[in-house]
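# Reading the structure
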Amino acid sequence: MNAPQRDIRGVLIAVSEGRLLLPNASVAEVITFSEPEPVENAPTWLLGRIRWRGWRLPLLSFSRFAGWSEEEGQLGAKVAVLKALGGNPKLPYFAVLSQGFPRLVTVSRAALAESHDIKELPLGIHSKVVLNDDPAIVPDLVSLELLIDKALNQAA
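The notes below deal with the structure included here.

Reading the values: the criteria
- Residues numbered from 1 in each chain as written.
- Predicted model: local features only at pLDDT ≥ 70, side-chain atom pairs only at ≥ 80, totals over all residues.
- Heavy atoms only, no water.
- Helix = DSSP H or I, 4+ residues; strand = E, 2+ residues; numbered from the N terminus.
- Contact = heavy atoms within 4.5 Å.
- Areas by Shrake-Rupley, 256 points an atom, 1.4 Å probe, with all protein chains shown as cover.
- Core = buried A, V, L, I, M, F, W, Y, C linked by side-chain atoms within 4.5 Å.
- Buried < 20%, exposed > 50% of the residue type's maximum accessible area, 1.4 Å probe, protein only.

### Digging into the overall build of the protein
- Scanning the protein for helices and strands turns up two helices and eleven strands.
- Starting at the N terminus and ending at the C terminus, the protein contains elements arranged as β-β-β-β-β-α-β-β-β-β-β-β-α.
- In the protein, 56% of the contacts between residues at least 6 apart in sequence involve partners at least 24 apart.
- Accessible surface, the protein: about 8,900 Å² in total, of which carbon and sulfur atoms supply 51%.

Below, the structure is given as structure tokens:
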């Protein structure tokens, strides 16, 4: 007997040249962009660290990471604080630069389709999808966390 298929709540995060699709539960908070503290010798996609609730979170530009654009924080930019999944006590959260407020969406099996060959996906991208005719990227959060941790350790 098949269990009923359930819709999940998702969040579309607009970044330069694309959108990220994440489960709503992975987003802790959306805050206004403020200039991050630089991290010396960090890759260009690691914009620095921002302060949030007593933490100094690494701020990632996914557009730079993916090679889509040289996105910078600007007036009206937001930051999505994401819950880390990797279990690293030094990295319980990280942040992603967003162009405006992320948008809540309902993700149903009927409205979601993969749009790629698994062999063509770069590191940090779990899948390319289309949700209600909107193309989006589902990031590989665990890989991103490992890359952020590696970049921070090399910069230290």
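### Brief notes about the nonpolar core
- Residues L60, F62, L82 and F94 are the most contacted members of the largest nonpolar core, which totals 27 residues.
- Looking at this core element by element, the count peaks at six residues for helix 2 (residues 141-155).

### Regarding unusual backbone geometry
- Despite not being glycine, N41 shows a phi value in the positive range, around 60°.
- Relative to the assigned elements, N41 resides in the loop between strand 3 (27-32) and strand 4 (46-52).
- The backbone of D133 sits at a positive phi, close to 70°, despite the residue not being glycine.
- Note on placement: D133 falls in the loop between strand 10 (125-131) and strand 11 (134-139).

The values reported here are purely geometric and, on their own, carry no functional implication.
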